[in-house]
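The primary structure of each chain is shown beneath.
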Amino acid sequence: MKHSGTSSIETERLLLRPFRVSDAEAMYRNWASSPEVTKFLTWPVHSSPEATAELLKQWEAGYEDPAQYLWCIEWKKSREAIGSLSVVHIDENIRSMEIGYCIGKNYWHQGIMSEAFRAVIAYLFANTDCNRICAKHDVNNPNSGKVMQKCGLSYEGTLRQAGRNNTGICDLSVYAILRRQFAKEN
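Residues numbered from 1 in each chain as written. Predicted model: local features only at pLDDT ≥ 70, side-chain atom pairs only at ≥ 80, totals over all residues. Heavy atoms only, no water.

**Digging into the packing of aromatic side chains**
This structure, assessed with the given rule, holds eight aromatic pairs. Counting every residue linked through ring pairs, the aromatic cluster contains Phe 19, Trp 31 and Trp 59. (Phe/Tyr/Trp six-rings, centres within 6.5 Å; stacked < 30°, edge-to-face > 60°.)

**Thoughts on the nonpolar core**
Leu 85, Phe 117 and Leu 124 are the most contacted members of the largest nonpolar core, which has 35 residues in total. It is helix α4 (residues 112-127) that provides the largest number of residues to this core, a total of 10 residues. Excluding residues within four positions of it along the chain, Phe 117 makes contact with Leu 85, Ile 99, Tyr 101, Ile 133, Ala 135, Val 147, Met 148, Cys 151 and Leu 153. Residues Phe 19, Trp 31, Leu 70 and Cys 102 belong to the second largest nonpolar core, which totals 15 residues. (Core = buried A, V, L, I, M, F, W, Y, C linked by side-chain atoms within 4.5 Å. Buried < 20%, exposed > 50% of the residue type's maximum accessible area, 1.4 Å probe, protein only. Helix = DSSP H or I, 4+ residues; strand = E, 2+ residues; numbered from the N terminus. Contact = heavy atoms within 4.5 Å.)

**Describing the pairing of strand β8 (residues 168-178)**
Two faces belong to every sheet, and in a regular strand the side chains alternate between them. Burial analysis of β8 places eight of its 11 residues in the buried class, the great majority of the element. The antiparallel pairing of strand β7 (residues 154-165) with β8 creates a hairpin that spans two residues between the two strands. (Pairing = 2+ DSSP bridges.)

**Some thoughts on unusual backbone geometry**
One non-glycine residue, Arg 95, lies in the positive phi region at around 55°. Relative to the helices and strands, Arg 95 resides in the loop between β4 (80-91) and β5 (96-103). With a relative accessible area of 33%, Arg 95 lands in the partly exposed category.

**Overview of the pattern of salt bridges**
Following the criterion strictly, the structure yields 10 salt bridges and no others. Between Lys 76 and Glu 10 there is a salt bridge; the shortest N-O distance is 2.7 Å. With Lys 76 in the loop between β3 (70-75) and β4 and Glu 10 in strand β1 (residues 9-10), this residue pair connects regions lying 66 residues apart in the sequence. Glu 115 is the salt-bridge partner of Arg 13, the closest N and O atoms lying 2.7 Å from each other. In this pair, Arg 13 sits in the loop between β1 and β2 (14-17) while Glu 115 sits in helix α4, placing the two residues 102 residues apart along the sequence. With relative accessibility at 12%, the residue Glu 115 sits in the buried group. When salt bridges that share partners are traced, they join Arg 17, Arg 20, Asp 23 and Glu 74 into one network. (Salt bridge = Lys/Arg side-chain N within 4 Å of Asp/Glu carboxyl O.)

**Describing the sheet that holds β4**
Strand order in the open sheet made by the eight strands is β1-β2-β3-β4-β5-β6-β8-β7, with mixed pairing throughout. With partners counted over all chains shown, the strands left at the sheet margins are β1 and β7, one partner each. The sheet contact formed by β2 and β3 spans four bridges and is antiparallel. If you follow Leu 14 over to β3, its bridge partner there is Trp 75. Relative to β5, α4 is tilted by about 155°, and along the sheet it contacts β1, β2, β3, β4, β5, β6 (132-138) and β8. (Axes fitted to C-alpha atoms, helices over the stretch in contact; angles between N-to-C directions.)

**Quick notes on the packing of α4 against helix α5 (residues 142-150)**
Remark: α4 packs on α5, axes separated minimally by 9 Å, with the N-to-C direction vectors making an angle of 45°. Judged on the interaxial angle alone, α5 and α4 are oblique. When you trace α4 past α5, the crossing you get is right-handed. Contacts between α4 and α5 involve Met 113, Ser 114, Phe 117 and Arg 118 from the former and Val 147, Met 148 and Lys 150 from the latter. (Parallel < 35°, antiparallel > 145°, perpendicular 65-115°, else oblique. Left-handed = near helix turned anticlockwise from the far one by under 90°.)

**Considering helix α3 (residues 49-62)**
Taking 1.5 Å of rise per residue, the 14 residues of α3 would be expected to cover 20 Å, and the 20 Å separating its terminal C-alpha atoms lies within 8% of that figure. Here α3 has its buried residues at Pro 49, Thr 52, Ala 53, Leu 56 and Gly 62. All buried residues of α3 fall inside an arc of 165° around its axis, so they share one side. Away from its buried face by more than 90 degrees, α3 exposes Glu 50 and Gln 58. (Expected span 1.5 Å × (residues − 1). Arc of directions from axis to C-beta.)

Don't take any of this as a statement about function, it's just geometry.
Quick look at the structure:
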């Protein structure tokens, strides 16, 4: 599969860019320390800004890999990290990429994640030969599914007891968009 890595993408309100260790304080404060934000995620809250900085050091080193797609969502007004969006799984055989995302509670219900996700979908279809972009959410987190729908992904079904997050074993709703569908709609 052709890969292009994480490049900066600008939207009306956002700058999607590689993370920096200097984002640790904002990341910890805005989302990584929040049990409410991480409730439906697969990783626990961070114990300190220092723990966040250690993770960001690993992420920074990973940007050398052209198959790593990991964006910091920066709010242009404050120039602060407010969330993340990444490719969490790649299936080279079928040229599929699965997206995962999270954003600080203060930024919920403002269309920010949809704006970021749409930009990343366009980037991936323009800069890789990926054929399918998909995402999954815990059925108890329907707002995540609304983001997927707003971004043009179609509901494909629910995988029963197929995931685990901070709430335990969960059912996962699956959404996807194909390259040809994206091309027709854009």
